[in-house]
Amino acid sequence: MQISPSILSADFANLQSELDAISNADWAHVDVMDNHFVPNLTLGLPIVEALLKVSPIPLDCHLMIEDPDRWAPGYAEAGAQSVTFHVEAARDPRALARTLRAAGARAGMAVKPGTAWAPYEELLPELDMVLVMTVEPGFGGQSFMADQMPKVAQVREAVRRNGGEIWVQVDGGVSAKTIEQCADAGADVFVAGSAVYGAESAAAAVDELRALAESHGHGS
Ligand SMILES: O=C(CO)[C@H](O)[C@H](O)COP(=O)(O)O
Ligand SMILES: [Fe+2]
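Residues numbered from 1 in each chain as written. Chains lettered and ligands numbered in written order. Predicted model: local features only at pLDDT ≥ 70, side-chain atom pairs only at ≥ 80, totals over all residues. Heavy atoms only, no water.

Novice: Lay out the sheet that holds strand E2 (residues 28-33) with the relevant residues and their values.
Specialist: Pairing is parallel across the open sheet formed by 8 strands, whose spatial order is E1-E8-E7-E6-E5-E4-E3-E2. The open sheet is flanked by strand E1 (2-5) and E2, the only strands paired with a single partner. Each strand axis lies, on average, 25° off the axis of its neighbour in the sheet, ignoring direction. Bridge count for E2 against strand E3 (residues 59-64) is 6 bridges, and the pairing is parallel. Residue Val32 lies in a different strand from E3, and its bridge partner there is Leu63. Across the sheet, helix H2 (residues 45-54) lies against E2 and E3, angled at about 170° from E3, the strand it touches most. Here helix H5 (residues 149-162) sits on the sheet and contacts strand E5 (106-111), strand E6 (129-133) and strand E7 (167-171); the angle it forms with E7, its principal contact strand, is near 165°. (Pairing = 2+ DSSP bridges. Helix = DSSP H or I, 4+ residues; strand = E, 2+ residues; numbered from the N terminus. Axes fitted to C-alpha atoms, helices over the stretch in contact; angles between N-to-C directions. Contact = heavy atoms within 4.5 Å.)

Below, the structure written as structure tokens:
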């Protein structure tokens, strides 16, 4: 069970100290948005390169961008430890996942709430993580979509059948109120932005979320 706080809800003027505040987390989730794939603009490769130099924990880069086939490998080459692209935007997800792995990153593939999982199951051997979005991508602080839990369970079942060590991540509206149902459905990596950075103590929120997830996990 791993917690990946999203720095989307952090203070962008003080990202180094905001990363230090979650050093007890497993990953720092970095939401890259390009104003095209989603109607919001956050940060890109130069900022990620700067964060990699100072982060006490590895970076989990969630790329909400058009043309990830072109842009995602640069994040892996820069040293990002995990790089997740959206399957809706990728021209050749299989080749892209292979390129990310060859550059030394874990390869993640994300599916939006309206995207079915079944057509992509055959890509599992190329992947280290599947991200099931539990909000429409683009903004932090949105309401959790419980109707995505059957998809989380479907992905977990496919991972079991595949036999690989593939993580199942949920992202969007994850909090102390919603994390247990995600763990019950089979998620094992939990992104939380507002629930962590909106708390009085970000570190305490990370510990609380991890404890809740661990008390409900599927045991892998
Ligand atoms: O990818 C994202 C939005 O597209 C963010 O990672 C996500 O929304 C985290 O924020 P919160 O926990 O506040 O929902
Ligand atoms: Fe995200």
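Novice: Outline the side chain of His86, listing residues and values.
Specialist: The topology assignment puts His86 in strand E4 (residues 82-86). His86 sits in the buried class, given a relative accessible area of 0%. There is a polar contact of 3.0 Å between the side chain of His86 and the side chain of His62. Side chain to side chain, His86 and Glu88 meet in a polar contact 2.9 Å long. Aside from chain neighbours lying at most four places away, what touches His86 is Phe37, His62, Leu63, Met64, Pro68, Ala110, Val111, Lys112, Met133 and Pro137. (Buried < 20%, exposed > 50% of the residue type's maximum accessible area, 1.4 Å probe, protein only. Polar contact = N/O pair within 3.5 Å; in protein donor to acceptor, adjacent residues only side chain to side chain.)

Novice: Give a description of the UniProt feature "binding site: a divalent metal cation" (unreviewed entry) in the protein chain that names residues and reports values.
Specialist: Residues annotated by UniProt as "binding site: a divalent metal cation" (unreviewed entry) correspond here to His29, Asp31, His62 and Asp171. Spatially, the listed residues are clustered: although they cover 143 residues, their C-alpha atoms lie within 10.5 Å of one another. As for the lining of the largest cavity, the annotated residues named previously contribute Asp31, His62 and Asp171. Inspection of the secondary structure assignment puts His62 in strand E3. Overall, the relative accessible area of 1% leaves His62 in the buried class. In contact with His62, other than residues within four places in its own chain, are His29, Val30, Asp31, Val32, Thr84, His86, Ala110, Leu131, Met133 and Asp171. Here Asp171 lies in strand E7. Asp171 gets classed as buried once you look at its relative accessible area, which sits at 8%. (UniProt positions renumbered as here; feature names shortened; annotations may be inferred. 1 Å grid on protein atoms, 1.4 Å probe; cavity = no way out; pocket = protein on both sides within 12 Å on 5 of 7 lines; lining within 4 Å.)

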